[in-house]
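# Fold and contact review
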Amino acid sequence: MTISLQGVSVSRGIAIGQVHIIQHDQLDVREYKIRNSQLENETTRLNDAIANARQQLRAIRDHIPTSTSVDISAFIDTHLLMLEDNALTEEPKRIIKERLCNAEWALKLQRDALVNVFDEMADAYLSTRRDDVDHVVNRILRILLKQKPLLHEVPDDHLKKKVIIADDLTPADTVLMQHYGIAAFATEFGGPTSHTAILARSLGIPAIIGLHNAQRFIQNNDLAIIDGTSGTVLINPDKKTQAFYERKQKEVKRYYSSLGKLKNAPAESIDGISVELMANIELPKDFETVRNVGAKGVGLYRTEFLYMNRETPPDEEEHFETYLSVLKALRGLPLTIRTLDLGADKQVDGAGKQAGPVMSNPALGLRAIRLCLKEPELFSPQLRAILRASAFGPVRIMIPMLTNVQEMQQVLQMIDDLKAGLDAEEIDYDTDIEIGGMIEVPAAAVCADIFAKKLDFLSIGTNDLIQYTMAIDRVNDEVNYLYDPLHPAVLRLIQATIKAGKKANIPVAMCGEMAGEIEHTQLLLGLGLREFSVHPANLLEIKKIINDTDIGSLCDLTKKILNATSGAEIKVLLQELQPETA
Ligand code: PEP
Ligand code: MG
């Protein structure tokens, strides 16, 4: 009998193969007391385990094929960096000393403390970093507990073409298994914005998460079909179903190989309308990929990553050097630097002093531009460095989470003052540097015309705009069902922003996840969006849809959609469009 299980799709594509289940043994960590005389031995045990974990990760990094389109080693580097962090290297030693306990227990206590902090974060991306802490700590614990290396970490051919079913996978697991030639994976846990999910997309491995209780229904060697597009897993399908998916798999392969040809093609609709396709980037190392997919530049460079895994904020020089290296990698393509978007709730050590007590509604609290204006000593070095970098290549400044016009005026004034300072010191900068704002708060979208009069460009951050419009915390599982990019309120706010930009004659981009979701591309074109900033892995597919669309013919449907009363109704209307994809 065929069993069908539904999860959340994180990486598209179809795979058919035999199941290999990976069980991460529950680590049995217990406390035992040690004597003062054993203190040194216990801290040495911890040091050795960390050194060993480091070696394991370096070995994994050496397995990464150089041909992969993204810098996968950055993900492993994140774990390696954690192994250098005092939070994991020093703090457990303090706990060993204080409690006179074993290294495993000290490490477990520290892990619990860190995970609690991450759990309270409002930002989906940052909060899923808790998984990284878990993965790194478990690696060290396995070494301390002298557990055998996980089977999939022992190189051989047994994973080739297998469909991996696991409770959860680390980025390191994912890289290794791709190297061993797995066909796909599905996990019971993990978030769509976890490193593992991002990696699966970048590596092109069909993947599904949130397949709760999968291991109750699936056994080793079962035949599995993973449909990464719909998030469906079929176990032991009948012959007819298998044949259907085999055909579909071939079509998908043909489709993706045809996308490569679009790299140098312009993004232009059938009726001759040009669209700008930019890339969203997080780590400086990812900048090479921007060119690999033929993006016209970077529409969103999230700079929070400069503040992570460190104790003090980067100074102006470090900002400046980073931006210069990014400009160098981009070789003349424009770079939109989004200024710091952190909040009081996000305990990123590198943000320097914390901005007050932890809020009960952190997403509604002191974050992004609110925090930057409250702490100019955090903000000014970044702005000054961006200005200085603008003398060396095309740079734009983008301000996150603007809510009212006073905030915008304050930022513009700060930039003017910094320019005057640079003039006095005879330091070069681009005197015409463009300053734009992100439209992510409904108040700003409703008043987009006011912002459009003073700014050089706008960019719609749908991840936050949807969260705030629907009054849901974007990381809260229990209200995730309300996250709906097609809610009429969301579409009206998007349309109002695009219209305001047109009226003021300034460009309006979209850089939230919605811009990279192929099911929304034609609707966004119909609404008048002409600049998309998306994850590089999605860029060519979005280009294909644009190039296959007659935007003029979308007019009637767009009107119908804007008059619809619910997201569900709009979804049905959108099915009329059905872009031709895999
Ligand atoms: C957004 O909110 O859509 C956005 C692009 O910003 P971030 O996801 O970094 O909050
Ligand atoms: Mg945002």
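The structure displayed is predicted, hence computed values, not measured ones.

Along the chain, the regular secondary structure elements total 24 helices and 16 strands. Here the analysis covers contacts within the chain between residues at least 6 apart in sequence; of these, 70% occur between residues at least 24 apart. About 25300 Å² of surface is accessible on the chain, with carbon and sulfur atoms providing 50% of the total.

Here Leu554 shows up in the loop between α22 (536-547) and α23 (555-563). Each C-alpha atom, one on Leu554 and one on Leu527, is 9.0 Å from the other, the two residues being 27 residues apart in sequence. Not counting residues up to four positions away in its chain, the partners in contact with Leu554 are Gln522, Leu525, Gly526, Thr549 and Leu577.

So, about the site of ligand 1. Not every one of the 14 residues close to ligand 1 is listed here, only the nearest: Arg302, Arg338, Glu440, Gly461 and Asn463. Separating an oxygen atom of ligand 1 from a side-chain N or O atom of Arg302 is a distance of 2.8 Å. At 3.0 Å from an oxygen atom of ligand 1 is found a side-chain nitrogen or oxygen belonging to Asp464. When isolated, ligand 1 has an accessible area of 290 Å², and the protein chains bury 98% of it. Of all elements in the fold, only β10 (298-302) and α19 (462-469) reach the threshold of two or more residues within the shell around ligand 1. Its residues assigned to classes, the shell around ligand 1 shows three nonpolar, four polar and seven charged.

It is worth spelling out a positive patch on the surface at this point. Side chains of Lys160, Lys161, Lys250, Lys253 and Arg254 sit close together on the surface and give a patch of like positive charge. By the element assignment, Lys161 lies in the loop between α7 (129-144) and β4 (163-166). Accessibility expressed as a relative area gives 61% for Lys161, which makes it exposed.

Once that is clear, we can look at the coordination of the magnesium ion (ligand 2). Here the magnesium ion (ligand 2) is held by Glu440 (OE) and Asp464 (OD), and the distances to it run 2.0 to 2.2 Å. Of the two residues, Glu440 sits in the loop between β13 (434-439) and α17 (442-446) while Asp464 sits in helix α19, which places them 24 residues apart along the sequence. Just as Glu440 is buried, Asp464 falls in that class too.

As a further point, take helix α11 (residues 239-259). Under the 1.5 Å per step criterion, the end-to-end length of α11 is 31 Å for 21 residues, consistent within 8% with the ideal 30 Å. Listed as buried for α11 are Gln242, Tyr245, Val252, Tyr255 and Leu259. Considered in projection along α11, the buried side chains sweep an arc of 140° and stay on one side of the axis. With respect to the buried face of α11, the exposed residues turned more than 90 degrees away are Lys239, Lys240, Arg247, Lys250, Lys253, Arg254 and Ser257. Those residues of α11 that are buried lie in contact with β3 (14-22), β7 (223-227), β8 (232-235) and α22.

Turning our attention to the side chain of Thr43. Tracing the backbone through its elements, the reader meets Thr43 in helix α1 (residues 39-62). Taking relative accessible area as the criterion, Thr43 reaches 19% and is therefore assigned buried. Beyond its immediate chain neighbours, meaning those up to four positions away, Thr43 contacts Lys93 and Ile96.

Right, let's talk about the pairing of strand β5 (residues 184-187) for a bit. Side-chain direction in a regular strand flips from residue to residue, so the side chains alternate between the two faces of the sheet. Alternating positions in β5 separate into two faces, Ala184 and Ala186 on one and Phe185 and Thr187 on the other, with burial throughout. Here β4 runs beside β5; their pairing, made up of four bridges, is parallel. Each residue of the ladder has a partner; that of Ile164, found in β5, is Phe185. Bridge count for β5 against strand β6 (residues 207-209) is two bridges, and the pairing is parallel. Residue pairing across strands places Phe185 opposite Ala207, the latter belonging to β6.

A separate point is the pattern of salt bridges. For the structure shown, the criterion picks out 25 salt bridges. Here Arg45 ties to Glu42 by a salt bridge, and the two come within 3.0 Å at their closest N and O atoms. Of this pair, Arg45 and Glu42 are both found in helix α1, three residues apart, which corresponds to roughly one turn of the helix. In this structure Glu42 comes out as buried when scored by relative accessible area, which is 4%. Notably, a salt bridge pairs Glu434 with Arg396, separated by 3.7 Å at the nearest N-O pair. You can see Glu434 sitting in strand β13 and its partner Arg396 sitting in strand β12 (residues 395-399), a full 38 residues away along the chain. Overall, Glu434 belongs to the partly exposed group, its relative accessible area being 34%.

Let us now look at helix α16 (residues 405-424). For α16, spanning 20 residues, the distance from its first C-alpha to its last is 29 Å, which sits close to the expected 28 Å at 1.5 Å a residue. Within α16 the residues assigned to the buried category are Glu407, Met408, Val411, Leu412, Met414, Ile415, Leu418, Lys419 and Leu422. One side of α16 holds all its buried residues, which, seen down the axis, span an arc of 155°. Along its buried surface, α16 packs onto α14 (368-374), α15 (376-389), β12, β13 and α18 (448-454). Capping of α16 at its N-terminal end is provided by Asn404; its side-chain oxygen lies 3.2 Å from the backbone amide nitrogen of Gln406. Directly after α16, the chain includes Glu426, whose backbone phi takes a positive value near 55°.

To continue, consider the environment of Arg142. Along the chain, Arg142 turns up in helix α7. For Arg142, a relative accessible area of 14% translates into the label buried. Between the C-alpha atom of Arg142 and that of Val29, which follows or precedes it by 113 residues, the distance is 9.9 Å.

A few words now on the sheet that holds strand β1 (residues 3-6). An order of β1-β8-β7-β3-β4-β5-β6-β2 is seen for the eight strands of this open sheet, with the pairing classed as mixed. For this open sheet the edge positions go to β1 and β2 (8-11), each flanked by a neighbour on one side alone. With direction set aside, neighbouring strand axes in the sheet form an average angle of 30°. Sheet strands touched by α11: β3, β7 and β8. Its angle to β3, the strand with the most contacts, is close to 110°.

Calculation notes
- Residues numbered from 1 in each chain as written.
- Chains lettered and ligands numbered in written order.
- Predicted model: local features only at pLDDT ≥ 70, side-chain atom pairs only at ≥ 80, totals over all residues.
- Heavy atoms only, no water.
- Helix = DSSP H or I, 4+ residues; strand = E, 2+ residues; numbered from the N terminus.
- Contact = heavy atoms within 4.5 Å.
- Areas by Shrake-Rupley, 256 points an atom, 1.4 Å probe, with all protein chains shown as cover.
- Near = heavy atom within 4 Å.
- Polar contact = N/O pair within 3.5 Å; in protein donor to acceptor, adjacent residues only side chain to side chain.
- Nonpolar A, V, L, I, M, F, W, Y, C, P; charged D, E, K, R; others polar.
- Patch = residues over 30% accessible without salt bridge, like charges linked within 9 Å, V, L, I, M, F, W, Y side chains within 5 Å.
- Salt bridge = Lys/Arg side-chain N within 4 Å of Asp/Glu carboxyl O.
- Lys, Arg positive; Asp, Glu negative; His and termini not counted.
- Charge placed at Lys NZ, Arg CZ, Asp CG, Glu CD.
- Buried < 20%, exposed > 50% of the residue type's maximum accessible area, 1.4 Å probe, protein only.
- Donors = N, O, S within 2.8 Å, 3.2 Å for Na, K, Ca; no water.
- Expected span 1.5 Å × (residues − 1).
- Arc of directions from axis to C-beta.
- Pairing = 2+ DSSP bridges.
- Axes fitted to C-alpha atoms, helices over the stretch in contact; angles between N-to-C directions.

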